[in-house]
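Here are the chains, one letter per residue:
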Amino acid sequence: MSAGGGAERITLEHGSGGALSRALTEELIYPLFRSPEYPELSDASELRMEGRSFLTTDTYVVDPPEFPGGDIGTLAVYGTCNDLAVCGARPRYLTLGLVLEEGLCLELLRRVLASVREAAAAADVRVITGDTKVVPAGKGGGVYINTAGLGRAITDVPLSARRIRPGDCVLVSAPVGSHGLAVLAAREGLPVAGALRSDCALLYPLCSSLCGLGEELRFMRDATRGGVAAVLNETVGGGRHGMAVRERDVPIDRTVAAAADLLGLNPLEVANEGVLVAVTSPEAAAQALALLREHPLGTRAAAVGTITEANPGKVVLETVVGGRRILDLPRGLLLPRIC
Amino acid sequence: MCLAIPMQIKSLESDGTATVVRDDLEARVDVSLIESPQLGAYVIVHAGYAIEVLDLEEAQLRLEMFRTMAESQAPGAE
Amino acid sequence: MKNPLEAPLHQAFADRDLARALLKDIHALAGRLGRPLRIMEVCGTHTVAIRRAGIPSLLPDNLILISGPGCPVCVTPTGYVDNALALLQRPRLVVASFGDMLKVPGSNGDSLARHLGGGRVRVLYSPAELPRLAAELGEPLVFLAIGFETTIPTIAAALLKAEEQARENLFLYTAFKTVPAALAALLAGRERSLDAFLLPGHVSVIIGEEPYRLLEGPGGVPGVIAGFEPLDILDGILAALRQVTAGERRVENRYSRAVRPGGNPKARSVIAEVLEPCDALWRGLGTIPDSGMRLRERFRHRDAALRFDFPEVTNAEPPGCSCALVLQGLAAPADCPLFGDTCTPERPVGPCMVSSEGSCAASYRYGDRAP
């Protein structure tokens, strides 16, 4: 196949707008995303959407670009769809912006694009426009992806952290810490075999399920960088309420816990790509858990905490052994410790 | 300065390393700092090295000690 | 060999009911003693373990745990980081380090972390990777060899392997520290009373009980070797209180599942083959005789400081920084005028805030008492 003009690697010429650029987009990218509605993926694509819409954008940088459980392509689709889903929107359309490093292996690019297509199909979203640029070698981890996502509102409830009240329940949909640890182990070549996998997944089914709770659902967020700790802090960051969390109720996979202990990391602070944090009224919590647990992605959903009047702006953790301490925002890079 | 966790030796290699496991997490560690590493032994792993063999009996004894203390504190047990 | 314990070890030693039982006795003893009690834990890993478990919130009000200087990152002078950064000026040289050191700022605010991603700075989880990495790289590989006795034998072992494989391009920039000499300095220098030490469990795995005997002499205090799970820590505290109540002054090993009285002789012989004691400069504490280790004569050609002609490292504290006092337990983090305003984990001024296991960082992030 002459995609990219027969070359094995991306060169600066692929980004120049000339023949090689054209070959790249027409032979490698367009075939994956054409559809009857969008036979040509042009510079701008027209669309019509009924009702209220949400627009989001996100840029994905991950080293290594491929890791157990997914790749940057899967992340780019699910991550952006999840940003829409937690706002109560059904993801419909995506843009695909690629920044490729000179020297990037074309085979890798093919695999990543195939992942984008597969994930888009699974999420039932259309990639309808995009852009490709090439940067000189040494400026990136091979490939960066930016996606903008457009979704249609599926609820009239304005999901927001401002709606939380003392007594509300904090739920976590799945075991935490998988993604960050899997990527760290892959990137640093840590001597831990096989068992760690990213949890990269589409959260829309869980979100739309919870939207059925109406006003009883206050707020949702996907826990990504900074882990669950970041989201919990963000939830009470407005400073009007606090949160009490029970460490022993937070779901975690034993293998992930072992890896975290070995590397001196706290699973609560490690990135996820398939974990939903939701806040509901106390009356709706049991039903919310039941709804989550109906889905394969939510079988280990758990109630982990409560919104409080005390300690506004802070997350207070009741530890496994019964002590209490602040669960702070994670700070700095995720690096293994020996101390 | 001493982050280390117990893991169990699953297999021994000829080059002075071993595969250790805890909760299905496997790691490859250097066992040259301990005498006669045994299959199935629990070792303390620090920075990719096994630094000591864990004495499970001692662990058991200590937990027993704690349990006895807890029981002796129960109301009416004095 | 099956684990005869009913639950995995880490779970068993975090049992809430057993913790309650230990705390009951701790409260009873502290209550009877009545006065303020100060126990110093001399290990950054203890500092973090204690706070992650929320132990300060469970202790009696009159019992305070103070963090000591057992944080290898905290006690490494800024000049060391400056020298490591200067290495990056040289073409074709790679600096490898444990993750712990990466974020430490040098005197001009630069850190090794900022140079990640270019291939010149590598993060290592284990010194075991060094011989292989040296083989892969043609150029000189300098490893930032910091740590206490738990880590020292692992680096020594890696060096021996590199020797065996004739990897001439591996160098160590050593800043090893040893615990017993630091304890002596802490005992000598204290103006405030210290009732006991909680001794580092994994350092003790290597060195055993003997090196702590100085604590049993005049001017000494009880020293309890403790593990790192919540029950280990509580048990260690309780044992210390029992000794204080009885007026005793003993080295007591409460981490018997891991620490043998004689430590790990094989690990110590590996250390002795490669290294010898020397004086060491501790950030905050100054030079403590015989508190460090350096490469023996026959390995001196691998000493990075000699090979790359580093300027001597001195102690220079930023103005206003109270780390020197905090590291000795003579001031609390909150006592420092810079704490929390000028000095935060994002913009650390001194070493106690830089390392995630430094007293100030721990205090800032986890809070001190019950929130």
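Residues numbered from 1 in each chain as written. Chains lettered and ligands numbered in written order. Predicted model: local features only at pLDDT ≥ 70, side-chain atom pairs only at ≥ 80, totals over all residues.

Q: Explanation requested: helix α8 (residues 285-293) of chain A in the structure shown.
A: For an α-helix the count is 3.6 residues per turn, leaving residues at separations of three or four pointing the same way. Residue and element names in this part refer to chain A. Of all the residues in α8, the buried ones are Ala285, Ala288, Leu291 and Leu292. Projection of α8 onto a plane perpendicular to its axis shows the buried side chains occupying an angular sector of 120 degrees, all on one side. Looking at α8, the residues exposed on the side facing more than 90 degrees away from the buried face are Ala286 and Ala290. Here the buried face of α8 lies against β7 (169-172), α5 (204-211), β11 (276-280) and β12 (302-308). (Buried ≥ 20, exposed ≤ 12 C-beta atoms within 10 Å, placed from the backbone. Helix = DSSP H or I, 4+ residues; strand = E, 2+ residues; numbered from the N terminus. Arc of directions from axis to C-beta. Contact = placed C-beta atoms within 7 Å.)

Q: Can you help me understand helix α3 (residues 44-52) of chain C in this one?
A: The buried count for α3(C) comes to nine of nine residues, which makes it a mostly enclosed element. In this structure, the buried side of α3(C) is in contact with β14 (324-326) of chain A together with β1 (37-41), β2 (63-67), β7 (196-200), α9 (230-246) and α14 (359-366) of chain C. Gly54(C) occupies a position one or two residues after α3(C) and carries a positive phi of about 70 degrees.

Q: Got a minute to help me understand the sheet that holds strand β9 (residues 251-253) of chain C in this structure?
A: Strands belonging to one sheet form pairs held by backbone hydrogen bonds; the direction of such a pair is parallel or antiparallel. Residue and element names in this part refer to chain C. The five strands are arranged β2-β1-β7-β8-β9 in an open sheet whose pairing can be described as parallel. Each edge of the open sheet is held by one strand with a lone partner, namely β2 and β9. Here the average twist between neighbouring strands, direction ignored, is 25 degrees. (Pairing = 2+ DSSP bridges. Axes fitted to C-alpha atoms, helices over the stretch in contact; angles between N-to-C directions.)

Q: Looking at this structure, I do not really get the interface of chain A and chain B. What am I missing?
A: Size of an interface, as often reported, equals the accessible area lost when the parts are brought together. Listed as interface residues are 16 residues of chain A and, on the opposing side, 14 residues of chain B. Of all elements in the fold, only β8 (192-193) and α7 (254-263) of chain A reach the threshold of two or more residues within the side of chain A that touches chain B. In terms of residue count, α7(A) provides more of the side of chain A that touches chain B than any other element does, seven residues in total. For the side of chain A that touches chain B, the per-class residue count stands at 10 nonpolar, three polar and three charged. (Nonpolar A, V, L, I, M, F, W, Y, C, P; charged D, E, K, R; others polar.)

Q: Please clarify how the sheet that holds strand β3 (residues 94-98) of chain C should be interpreted in this entry.
A: Residue and element names in this part refer to chain C. One open sheet accounts for six strands, arranged β4-β3-β5-β6-β11-β10; its pairing is mixed. Pairing within the sheet leaves two strands with one partner each, and these edge strands are β4 (121-124) and β10 (275-282). On average, each strand axis in the sheet is inclined to that of its neighbour by 25 degrees, with strand direction left out of account. As paired strands, β10 and strand β11 (residues 286-295) are joined by seven bridges and run antiparallel to one another. What sits directly across from tryptophan 282, in β11, is glycine 286.

Q: So what exactly am I meant to see when it comes to the pairing of β11(A) here?
A: For a regular strand, side chains alternate in direction, first toward one face of the sheet and then toward the other. All names here are of chain A. Most of β11 is tucked away: five of the five residues are buried. Residues Leu276, Ala278 and Thr280 point to one face of β11 and Val277 and Val279 to the other, with burial holding for every one of them. Direction of pairing for β7 relative to β11: antiparallel, over a ladder of four bridges. Residue cysteine 169 lies in a different strand from β11, and its bridge partner there is threonine 280. Inspection of the sheet shows strand β9 (residues 217-222) paired to β11 by five bridges, in the antiparallel sense. Looking at the pairing, leucine 217 lines up with threonine 280 of β11.

Q: Would you mind showing me how to read the interface of chain B and chain C here?
A: Tallying the contact residues gives 32 residues for chain B and 43 residues for chain C. The set of elements that each furnish at least two residues to the side of chain B that touches chain C consists of β4 (42-46), β5 (49-53) and α1 (56-73) of chain B. The element that contributes the greatest number of residues to the side of chain B that touches chain C is α1(B), accounting for 11 residues. Tallied by class, residues from the side of chain B that touches chain C come to 19 nonpolar, six polar and seven charged.

Q: Quick question: what am I supposed to make of the confidence of the model for chain C here?
A: Regions with low pLDDT carry predicted coordinates that are not meant to be interpreted in detail. Across chain C, pLDDT averages 92, with 97% of residues at or above 70. Both scores are available for the predicted complex, with the pTM at 0.93 and the ipTM at 0.95. (pLDDT = per-residue confidence, 0-100.)

Q: Is there a simple way to explain the nonpolar core in this structure?
A: Core analysis: the biggest nonpolar cluster contains 271 residues, and Leu171(A), Ala259(A), Val45(B) and Ala50(B) have the highest contact counts within it. Discounting residues that sit within four places of it in the chain, Ala259(A) has contacts with Leu181(A), Ala185(A), Val192(A), Leu196(A) and Leu25(B). (Core = buried A, V, L, I, M, F, W, Y, C linked by C-beta atoms within 7 Å.)

Q: Looking at this structure, I do not really get the packing of α1(B) against helix α2 (residues 16-33) of chain C. What am I missing?
A: The description of two packed helices rests on the angle between their axes and on the distance between the axes. Interaxial distance between α1(B) and α2(C) falls to 9 Å at its minimum, and their mutual angle equals 65 degrees. Overall, the two elements α1(B) and α2(C) adopt an arrangement that is roughly perpendicular. Remark: the crossing between α1(B) and α2(C) carries left-handed chirality. Residues Phe66(B), Arg67(B), Met69(B), Ala70(B) and Gln73(B) of α1(B) pack against Asp17(C), Leu18(C), Ala21(C), Leu22(C), Lys24(C) and Asp25(C) of α2(C). Taken together, the residues that form the contact of α1(B) with α2(C) break down as six nonpolar, one polar and four charged. (Parallel < 35°, antiparallel > 145°, perpendicular 65-115°, else oblique. Left-handed = near helix turned anticlockwise from the far one by under 90°.)

Q: What am I meant to see in the domain arrangement of chain C here?
A: Residue and element names in this part refer to chain C. Here the domain parsing of chain C yields domain 1 (8-318) and domain 2 (323-365). Computed from C-alpha coordinates alone, the two centres of domain 1 and domain 2 are separated by 18 Å. Of the residues lining the interface, 28 residues belong to domain 1; the matching set on domain 2 comes to 18 residues. Elements with a contribution of two residues or more to the side of domain 1 that touches domain 2: α3, β2 and α7 (179-189). Sorting elements by how many residues they give to the side of domain 1 that touches domain 2 places α3 first, with five residues. Here the side of domain 1 that touches domain 2 is composed, by residue class, of 14 nonpolar, seven polar and seven charged. (Domains from an automatic or database assignment.)

Q: Quick question: what am I supposed to make of the pairing of strand β13 (residues 315-318) of chain A here?
A: All names here are of chain A. In the sheet, strand β10 (residues 242-246) pairs with β13 via four bridges, with the strands oriented parallel. Directly across from alanine 244, in β13, lies its bridge partner valine 316. As paired elements, β13 and β14 share three bridges and run antiparallel to each other. Bridge assignment links leucine 317 to a residue of β14, and that residue is arginine 325. Where β13 folds back on β14, the antiparallel hairpin that results is connected by five residues, among which glycine 322 adopts a positive phi of roughly 100 degrees.

Q: What is the right way to read the environment of His202(C) from this model?
A: Here His202(C) shows up in helix α8 (residues 201-207). Along the primary structure His202(C) and Arg307(C) are separated by 105 residues, whereas in three dimensions their C-alpha atoms are 32 Å apart. Sequence-distant contacts of His202(C), defined by excluding residues within four places in its chain, comprise Cys2(B), Ala4(B), His46(B) and Thr150(C).

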